[in-house]
Structure formats: structure tokens, C-alpha cells
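The lines below spell out each chain.
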Amino acid sequence: MKNYLKHLSDNQIDTLMQRYYDGENVANLVEEYNIQISPAHLYRCFPPMVCNDYMCDYCNVPLVINRPSKGASKYAMYEKDLYCAVCGHKPFQIQCTCINCRNKEEQLRKEQIEEIKKFYSHPTNQIAFSSLSFRNKVYLGALCRACLKEDLYEIVPYVEINEYLTPTDHLSRELYASLIHTNAISVSPDSSLDAFDCKNEKFPNEFDVFKVTYYLNLLLPENKQSLFTEILNPNYYSHEYKEEALVLWKEIAIEECIAYLKYQLQKVNFEFNPGEKTYKIFEIILQDFSVSQIYGIIWKAVADASRLYLTKGITKKHAANSVIGVCERYAERAKLNNWDLTHYNRIRDLPESSLSAFYFNRVLGIGEMGFKMPPTIL
């Protein structure tokens, strides 16, 4: 603030402050001392209080604190309001933005980035694509389909793509974990610092799998294009993989059911965290009905639960928890009575994931039948 007291001596200022806090009429003080400011703002012109018990980490001078208004003078002052009059450092605030703290933070970021580069620059043993399991070949193909850069080497962070990698985050994390564990992909030393928790004692060994950049850790033949043709346009499925293929189909189908269930529950503001029971029930229902038919079962169950909540006075939690039981009972009746359940279409808010499209279109070659028929051995 402009120095409205520059025409006063130090002694006059001390006397003015004493009289102000003793309760004299502020308007009279402003007039007497010829101060060109609103009486309500007079206290803002007072020099800050020096706190000799606190020193600036950078300037090694005592910290100061602004004078309170007359009405607030009876209240305690707090450490968070202390600052350095030289550099503006505020040591007791969660994030000080003074120039010294900004420079220190920038230097720390540079050191952390160098630590990441150093930690992840050590090469790991490259593996042959042919050595991967059927599941991991599918996982890698779906990941490359969604996230592979034009250089056919780096994989962009999942958070930067505008599509679903798998139907749920649960399955996406499993996909990444499986490929990392087998060394099919490795963390790039050029990953963003934002993908790491720098305060974690395990830094930089732990990271957010959705935020880091990866690179393909594969043995590359002379003709690199041929390898990527095999990855992205596969022909490795054969009858010997029939059991593995069925298991993966079921897992994708269950996750698609889970995603649709959570979506419909969120639309009516019901909170629900699916557990093992929910997964098992969908696994059983999928023996007789397709994902597209289960969409209809879920829609009806959520509508019934919402109606019970509105008309019977049950809690939202009770209503949400009832949904999976309704799905189970409805599917049992449909099976016993040979009902021809309607096939629902995918919805715009839950488009087909990269994994589903890659698996059903490219690997199994059945297209929409992966959505419209129960999982079965091909």
C-alpha cells in the first residue's frame, strides 16, 4: 500500500498507533495527523510488527506480521500470517510462492526429473513377442491400438488418450500390471514428474500406471513393420488357445456388465462398490445371456430399485445393494421360462473399449457377437 505516513516521524507513528489501539476516534486521528486515507483503512498503513523469534530462511532477518484492525487486535495472530519483509517468504503457509521458494521448487523438480531419468535409463532384458502368453499378446495389441505413438516405440500415458482402454479402470490396471511384470513394456525415463509421488519414500520406484509414458521392450527384427503387423493385425489365435480365449472373453464381458451397472446407478445417484459377489453373479448370468441382454436386465433392476427408493422409503444404500440380487433373480426366471430377452445396444457414454474391439474384431474375428452372445469356446 502507498506510504501515507511518510510525512510523519517514527515517534509520531508510534504515538499514532498507540492512540489508535487505545480506542481514540479514528476520523479525528486521520484529520489531526493529516493522513489522506479512509479512517477504516488507517491500520493498513501501520508498519508491520517485527517478530524476532522467527527468522527468514533465505534472508536471515526477523519475520513480520501485519498490524490488525482495532476490532481484531484482541484476537490471536497466527504463524501462517508471518512473512519476510525483504523477499516475501511465508514459511508457515502450505505453499509459499515467494521467488526463493519458486526457485527452490524448480531446482527440486529438476533434481527429481534427473533421478527418474537415471532410475529408468537402465535397460531391461528385451523379450520376444512370440514368448508372450496369449493373454499378454492381446493386452499388448489393445494397448498399442490405443496408445502407441507414430514412432512405433513409445506408449503415451493413458490419461492423455480420449478413449477407454478397457471397460473399467480395474481391468486397465490389470492390463498394465501384467505387461509390466512380463517386461513387455517398461517405464520411459522421459515420463512426466506428475506421474510420481515425490513425497513417497519409494520414489521413483512407484508411479501412477495411467500417467507414465512407456516404451515397448521387445526384441525388434530387421523388418520392424512385420512385428507390428503381427501385434496389431494378429493371426496367433488357434484352437489350442480356446480355453484361455474363453476365460479372457468372460473377464471382458463381466467388466462390461460392471461398467454398465455403475453407470446406471450413478444416473440415479446411487453409490455402489461392486465386490466379489457381484462379479460372481455376472459370471453365472453370462453362462446363458450375452452382455447386450444383461444390459437390459441391469436397466430393469436399477429402475425397480429407484422406484422402491422413491415409493417405499428405503435408503439409497439399501436400494443400490438390492440391484445385483434383482439381476440374479430376473436372469433365473428368464432362463427357466425361456424368455427371449431383448438385445440392448451400446450407449454413447460407454463406447466399446479398445480391448473389446481389438479382441473381438482382430483376434477372435467375431465382431459384435462378442457383445451379443454369451462367452463360449470358438
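These numbers come from a predicted model, not from an experiment.

A.B. asks: Could you give me a rundown of the packing of aromatic side chains, with the residues and numbers involved?
C.D. replies: For any pair of aromatic rings, the description consists of the separation of the ring centres together with the inter-plane angle of the planes. Counted according to the given criterion, the structure contains 24 aromatic pairs. For the ring pair Phe134 and Tyr236, a centre distance of 6.1 Å and an interplane angle of 80 degrees mean the geometry is edge-to-face. Of the two residues, Phe134 sits in helix H4 (residues 134-147) while Tyr236 sits in the loop between helix H6 (224-232) and helix H7 (242-267), which places them 102 residues apart along the sequence. For Tyr236, a relative accessible area of 8% corresponds to the buried category. Among the aromatic residues, ring-to-ring pairing joins Phe129, Phe134, Tyr236, Tyr237, Tyr241, Trp249, Tyr359 and Phe360 into one connected group. In this structure, Lys70 is placed above the aromatic ring of Tyr20, and the distance from its NZ or CZ to the ring centre is 5.5 Å.

A.B. asks: Break down the sheet that holds strand S4 (residues 185-187) for me, citing the residues and quoting the values.
C.D. replies: If you walk across this open sheet you meet the three strands as S3-S5-S4, and the pairing is antiparallel. Edge positions in the open sheet fall to strand S3 (154-155) and S4, since each of these has one partner strand only. As paired elements, S4 and strand S5 (residues 214-216) share three bridges and run antiparallel to each other. Note that in S5 the partner of Val187 across the bridge is Tyr214.

A.B. asks: Break down the nonpolar core for me, citing the residues and quoting the values.
C.D. replies: Among the nonpolar cores identified, the biggest contains 87 residues, and Leu140, Tyr176, Phe282 and Tyr359 are the most heavily contacted of them. With twelve residues, H7 is the single largest residue contributor to this core. Not counting the four nearest positions on each side in its chain, Tyr359 is found in contact with Phe134, Val138, Ala245, Leu246, Leu248, Trp249, Ile252, Leu364 and Gly365. Judged by nonpolar contacts, the second largest core, of 16 residues, contains Leu5, Val30, Ile37 and Phe46.

A.B. asks: So, the side chain of Ser290: which residues are in play, and what are the values?
C.D. replies: One can find Ser290 in the loop between helix H8 (276-285) and helix H9 (291-312). Taking the relative accessible area as the measure of exposure, Ser290 reaches 0% and is therefore buried. Of the polar contacts made by the side chain of Ser290, one reaches the side chain of Ser292; its length is 2.8 Å. In this structure Ser290 touches His343, Phe371, Lys372, Met373 and Pro374, once residues within four positions along its chain are discounted.

Cut-offs used in this document
- Along each chain, numbering runs from 1 in the same order as the chain's sequence is written.
- Totals for whole chains, interfaces and linings use every residue, but because this is a predicted model, local features are given only for residues with pLDDT of at least 70 and side-chain atom pairs only at 80 or more, for both listing and counting.
- No hydrogens and no water enter the side-chain calculation; it runs on all heavy atoms of the structure.
- Aromatic pairs are defined between Phe, Tyr and Trp rings, using the six-membered ring for Trp, whenever the two ring centres lie within 6.5 Å; interplanar angles under 30 degrees are classed as stacked, those over 60 as edge-to-face, and all others as tilted.
- Comment: elements are numbered from the N terminus, with helices defined as DSSP H or I runs of at least four residues and strands as E runs of at least two.
- Throughout, exposure labels follow a simple rule: accessible area from a 1.4 Å probe, protein chains only, divided by the maximum for the residue type, with under 20% read as buried, over 50% as exposed, and the rest as partly exposed.
- The criterion is that NZ of a Lys, or CZ of an Arg, lies within 6 Å of the ring centre and within 35 degrees of the ring normal, and then a charge sits over that ring.
- Being paired, for any two strands, means DSSP has found at least two bridges between them.
- Among buried residues, the Ala, Val, Leu, Ile, Met, Phe, Trp, Tyr and Cys ones that are joined through side-chain atoms within 4.5 Å form a nonpolar core.
- By definition in these notes, contact holds between two residues if any of their heavy atoms fall within 4.5 Å.
- Nitrogen and oxygen atoms within 3.5 Å of one another constitute a polar contact, given that in protein one can donate a hydrogen and the other can accept it, and given that sequence-neighbouring residues count only through two side-chain atoms.

Bear in mind that shape data such as this cannot, by itself, settle questions of function.
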